[in-house]
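Structural characterization, general
Now for the letters of each chain:
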Amino acid sequence: MKNRLVVGNWKMNGSLELINTMLPEMTSQRAQCTAAVCVPSVYLARAAQVLADSELLVGAQDVSLAQRGAYTGEVSASMLSELDCRFAIVGHSERRTRHGETDEVIAEKALRCLEAGIRPIICVGESQQQRDIGRTAQVIGQQLDIVLDRLAAEAAISLERIVVAYEPVWAIGNGRAASVEQAQDAHAYLRQRLGAKAASLRDSVPILYGGSVTKANAADLFAAPDIDGGLVGGASLSVSEFLAILHAA
Ligand code: PGA
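To start, this report covers the structure provided alongside it. (Residues numbered from 1 in each chain as written. Predicted model: local features only at pLDDT ≥ 70, side-chain atom pairs only at ≥ 80, totals over all residues. Heavy atoms only, no water.)

**Here's the deal with the overall build of the chain**
- Helices and strands together make up the secondary structure of the chain, namely 11 helices and eight strands.
- Taking 18 Å as the expected radius of gyration for a compact globule of 249 residues, we find that the chain reaches 17 Å, a close match to that expectation.
- With the C-alpha coordinates of the chain rotated into their principal frame, the extents come out at 45 × 45 × 35 Å.
- Expressed as a percentage of the 249 residues in the chain, the buried residues total 51%.
- Accessible surface, the chain as shown: approximately 11,200 Å² in total, 49% of it carbon and sulfur.
- With 23 positive and 28 negative side-chain charges, the chain shows a separation of 1 Å between the mean positions of the two kinds. (Helix = DSSP H or I, 4+ residues; strand = E, 2+ residues; numbered from the N terminus. Rg over C-alpha atoms; globule rule 2.2 N^0.38 Å. Buried < 20%, exposed > 50% of the residue type's maximum accessible area, 1.4 Å probe, protein only. Areas by Shrake-Rupley, 256 points an atom, 1.4 Å probe, with all protein chains shown as cover. Lys, Arg positive; Asp, Glu negative; His and termini not counted. Charge placed at Lys NZ, Arg CZ, Asp CG, Glu CD.)

Structural data, given as structure tokens:
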């Protein structure tokens, strides 16, 4: 059986109140898969405290591409690791489009994570327009390759610790998830692309699906051979929904 990974992405939602009440509830049932929640960075310290004795891990939604210094407002990977952060999302489409993050910036952020012992969740995904003109494979392949090539240039870095998330931009936050077939096709392609770099990557890197995952579609998606889990936005803000998704995994 695959060791599945499900990661919640709260985005800029929630409150201290929700951290204090919801996270303990989320640990009320033992998850059979690896599970994490990526909360807003100001809540990371509190979330880590609340979850200290549980199996639910804590992750960040972004990280600075710099190691330290004059970067007002930024949070470094080493700061995140001090707070027991195990994962950090890099290259989410909301950061690519709204904050102008390029593949090169995302590659640098992934590198900072690995240097600090944090597993980067590297998001790739095509827009509706790119899908319509048949460029899905080309777009997600290139997004992945730029990051992999940058990381592979660092001898001290173990690439096996990365996580890849396929997040079609057209499926995020609107209730219109990719079909199992669409997701499986993209995942199989990403797996093949990982394998082209190294067989160990093909076998060890989890590929998560993200984009309107709910308790209604999770089990079908997770049953596809190349889908190793999910990156869950909206549905991770409800205890019952998130627990049902963990159960499906
Ligand atoms: P969604 O978000 O589950 O609300 O579609 C997923 C994501 O953006 O990571």
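**Digging into empty space enclosed by the protein**
- Counted under the stated rule, the structure contains one cavity of 30 Å³ or more.
- Taken as a whole, the largest cavity spans an internal volume of roughly 30 Å³.
- If you go around the largest cavity, the residues you meet are G91, H92, S93, R96, C123, V124, G125, E167 and V169.
- At the level of secondary structure, the elements contributing two or more residues to the lining of the largest cavity comprise helix 4 (93-98) and strand 5 (119-124).
- Considered class by class, the residues forming the lining of the largest cavity number three nonpolar, four polar and two charged. (1 Å grid on protein atoms, 1.4 Å probe; cavity = no way out; pocket = protein on both sides within 12 Å on 5 of 7 lines; lining within 4 Å. Points joined across faces, edges and corners; volume = space filled by probe spheres on them. Nonpolar A, V, L, I, M, F, W, Y, C, P; charged D, E, K, R; others polar.)

**Re unusual backbone geometry**
- The backbone of K11 sits at a positive phi, close to 50°, despite the residue not being glycine.
- A positive phi angle, close to 60°, is found at S212, a residue other than glycine.
- For S212, the position within the fold is in the loop between strand 7 (207-210) and helix 10 (218-223).

**Some remarks on the layout of surface pockets**
- As a volume, the largest pocket reaches approximately 630 Å³.
- Every residue lining the largest pocket is counted, 21 residues in all, and those nearest its centre are M12, Q61, D62, R95 and H99.
- The dominant element in the lining of the largest pocket, judged by the number of residues it contributes, is helix 4, at three residues.
- In terms of residue class, the lining of the largest pocket is built from seven nonpolar, eight polar and six charged.
- Within this model, the second largest pocket holds a volume of roughly 280 Å³.
- Contributing elements (two or more residues each) for the lining of the second largest pocket: strand 4 (85-90) and helix 9 (199-204).
- Counting residues per element, the lining of the second largest pocket draws most heavily on helix 9, at three residues.

**Some points on the site of the ligand**
- Around the ligand sit 13 residues in total, of which K11, H92, E167, G173 and S212 are the nearest.
- K11 is positioned with one of its side-chain polar atoms (N or O) 2.7 Å from an oxygen atom of the ligand.
- In the model, an oxygen atom of the ligand is placed 2.7 Å from a nitrogen or oxygen of the S212 main chain.
- Its free accessible area being 280 Å², the ligand has 95% of it covered by the protein chains.
- Here the residues of the shell around the ligand are counted per class, giving four nonpolar, seven polar and two charged. (Near = heavy atom within 4 Å. Polar contact = N/O pair within 3.5 Å; in protein donor to acceptor, adjacent residues only side chain to side chain.)

**Some remarks on the sheet that holds strand 5**
- Taken in spatial order, the eight strands line up as 1-2-3-4-5-6-7-8 and close into a barrel, and their pairing is parallel. On average, each strand axis in the sheet is inclined to that of its neighbour by 25°, with strand direction left out of account.
- One ladder, built from four bridges, connects strand 4 with strand 5; its direction is parallel. Paired with V90 across the two strands is I122, which belongs to strand 5. (Pairing = 2+ DSSP bridges. Axes fitted to C-alpha atoms, helices over the stretch in contact; angles between N-to-C directions.)

**Overview of the nonpolar core**
- Membership of the largest hydrophobic core comes to 69 residues, with the highest contact counts inside it found for V6, L23, V37, I162, Y209 and F222.
- Examining the composition of this core, we find that six residues originate from one element, helix 5 (residues 103-115), more than from any other.
- When neighbours within four sequence positions are excluded, I162 is seen to be in contact with L114, R119, P120, I122, L148, L151, L194, V205 and P206.
- Core analysis: the next-biggest nonpolar cluster, separate from the first, contains 13 residues, V7, C38, F87 and L208 among them. (Core = buried A, V, L, I, M, F, W, Y, C linked by side-chain atoms within 4.5 Å. Contact = heavy atoms within 4.5 Å.)

**Side note on the side chain of H92**
- Within the secondary structure, H92 is located in the loop between strand 4 and helix 4.
- Setting aside residues no more than four positions away along its own chain, H92 makes contact with N9, K11, C123, E167 and I172.

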